[in-house]
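Geometric and topological summary
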Amino acid sequence: MDFAKIGTYIEGLYQKGKLTQKQYTEATELKEFGAVVDDDVARMLQVLITLTRPRKILEIGTSIGFSTVSMAKVIKQYGGTIVTIEMDEKVAEQAAKNFAREGVKEQIELKIGEARAVTAGMSEEFDLIFQDVGDKKLYGEMLEDYLRLLKPGGLLVAEDTLFPVFDFDPECGYLNSMCEPLDAFNKKIADCPQFESTLLPIGDGFTVAVKK
Ligand SMILES: C[S@@+](CC[C@H](N)C(=O)[O-])C[C@H]1O[C@@H](n2cnc3c(N)ncnc32)[C@H](O)[C@@H]1O
């Protein structure tokens, strides 16, 4: 199978009339920020949200907010809310501007801080958690927090989970350093009896797990 050809075909079908990653990043003044999800991941989040209609979403890792806005455009239609956490103040400030520009700031509560510290103080429950934090060690380390914060039947979705099988340039220490913690997370969630889960080859790997 030619995956590049498949990707081009799918994007040709679905990009019309949608806010794309390219449009979003070009409209963003700040040019240095953590990588945002691909368009296929943004659409997958929108499909999952349309299917499950979560009232409360928690996102870990906002960056400039492309995934947040993609989700907010769907929840706005029925009245859901998103709490999103970002520790880089400059990037968070840009995300807040983007939420206003895209007409979804009322749907989003942006918390500036370190993810573990912020979630430790949370007692509310969520219907969907999107894990896309830059520090990949947190994926596995926060699994217990996610079990505590998710309602039964709630969804945990995580991006970048196929990094362990990507052929990164051996010179790129940053990307290579993410593979081991993501492999540990993948094994942990696959073996976790409290989740029914799978890993889909969408974006850079997209794990979907339902809390039983
Ligand atoms: C991959 S980006 C998020 C992209 C975003 N979800 C999107 O698709 O639009 C990851 C973000 O996590 C943030 N981050 C890294 N470690 C963090 C931590 N411990 N707590 C909170 N945010 C963190 C980084 O600053 C970065 O902006």
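The following paragraphs examine the structure supplied in this document. (Residues numbered from 1 in each chain as written. Predicted model: local features only at pLDDT ≥ 70, side-chain atom pairs only at ≥ 80, totals over all residues. Heavy atoms only, no water.)

Below, the discussion takes up the overall build of the protein. In terms of helices and strands, the protein carries nine helices and seven strands. Relative to a compact globule of 212 residues, whose C-alpha radius of gyration would be 17 Å, the protein shows 16 Å and is just as compact. The principal-axis extents of the C-alpha atoms in the protein amount to approximately 45 × 40 × 35 Å. Across the 212 residues of the protein, 48% fall into the buried class. Of the contacts formed within the protein by residues at least 6 apart in sequence, a portion of 71% connects residues at least 24 apart. Entry remark: accessible area of the protein is about 10800 Å², with carbon and sulfur atoms responsible for 55%. Separation of charge centres in the protein, based on 25 positive and 35 negative side chains, amounts to 7 Å. (Helix = DSSP H or I, 4+ residues; strand = E, 2+ residues; numbered from the N terminus. Rg over C-alpha atoms; globule rule 2.2 N^0.38 Å. Buried < 20%, exposed > 50% of the residue type's maximum accessible area, 1.4 Å probe, protein only. Contact = heavy atoms within 4.5 Å. Areas by Shrake-Rupley, 256 points an atom, 1.4 Å probe, with all protein chains shown as cover. Lys, Arg positive; Asp, Glu negative; His and termini not counted. Charge placed at Lys NZ, Arg CZ, Asp CG, Glu CD.)

In this structure the tally under the stated criterion is 14 salt bridges. The salt bridge partner of E26 is K22, with a shortest N-O separation of 3.2 Å. Taken together, the residues E26 and K22, both in helix α2 (residues 21-26) and four residues apart, mark about one turn of the helix. With respect to burial, E26 and K22 carry one shared label: exposed. Note that E124 is salt-bridged to K56, the shortest N-O span being 2.8 Å. (Salt bridge = Lys/Arg side-chain N within 4 Å of Asp/Glu carboxyl O.)

This part is about the nonpolar core. The biggest cluster of nonpolar side chains holds 31 residues, and the ones touching the most others in it are I49, F130, V157 and F206. If you list the elements that add at least two residues to this core, you get α3 (39-52), α4 (66-75), α5 (89-101), β4 (126-131), β5 (150-159) and β7 (206-211). Counting residues in each nonpolar core, the second largest holds 30 residues, with V83, I129, L149 and C179 among its members. (Core = buried A, V, L, I, M, F, W, Y, C linked by side-chain atoms within 4.5 Å.)

Scanning the entire structure with this criterion turns up five aromatic pairs. The interplanar angle of 50° and the centroid separation of 5.3 Å between the aromatic rings of Y24 and F66 together place this pair among those described as tilted. A residue pair is termed long-range when its members are at least 10 positions apart, and Y24 in helix α2 and F66 in helix α4 qualify at 42 residues. For Y24, a relative accessible area of 0% corresponds to the buried category. Centre to centre, the rings of Y139 and F185 are 5.4 Å apart; their planes meet at 85°, and the pair counts as edge-to-face. You can see Y139 sitting in helix α7 (residues 137-141) and its partner F185 sitting in helix α9 (residues 173-191), a full 46 residues away along the chain. The exposure class of F185 is buried, given its relative accessible area of 1%. Chaining the aromatic ring pairs together yields one cluster made of F163, F166 and F168. Residue placement shows R101 over the ring face of Y24; its charged tip is 5.2 Å from the ring centre. (Phe/Tyr/Trp six-rings, centres within 6.5 Å; stacked < 30°, edge-to-face > 60°. Lys NZ or Arg CZ within 6 Å of the ring centre and 35° of its normal.)

Another aspect to go through is the pairing of strand β2 (residues 81-86). Most of β2 sits inside the fold, with five of its six residues counted as buried. The pairing of strand β1 (residues 56-60) with β2 spans five bridges and is parallel. Bridge pairing links E59 to T84 in β2. Taken together, β1, α4 and β2 constitute a β-α-β crossover, and its handedness is right-handed. In terms of strand pairing, β2 meets strand β3 (residues 108-112) through five bridges, oriented parallel. Along β3, the bridge assignment pairs I85 with K111. Since β2 and β3 lie parallel, the crossover through α5 that links them has a hand, and here it is right-handed. (Pairing = 2+ DSSP bridges. Right-handed = clockwise from strand over helix to strand, strands pointing away.)

When the terminal C-alpha atoms of α9 are compared, their 28 Å separation across 19 residues agrees well with the 27 Å that a helix rising 1.5 Å per residue should span. Residues M178, C179, P181, L182, F185, N186 and I189 constitute the buried set of α9. Looking at the buried side of α9, the elements it contacts are α7, α8 (143-149), β5, β6 (195-200) and β7. (Expected span 1.5 Å × (residues − 1).)

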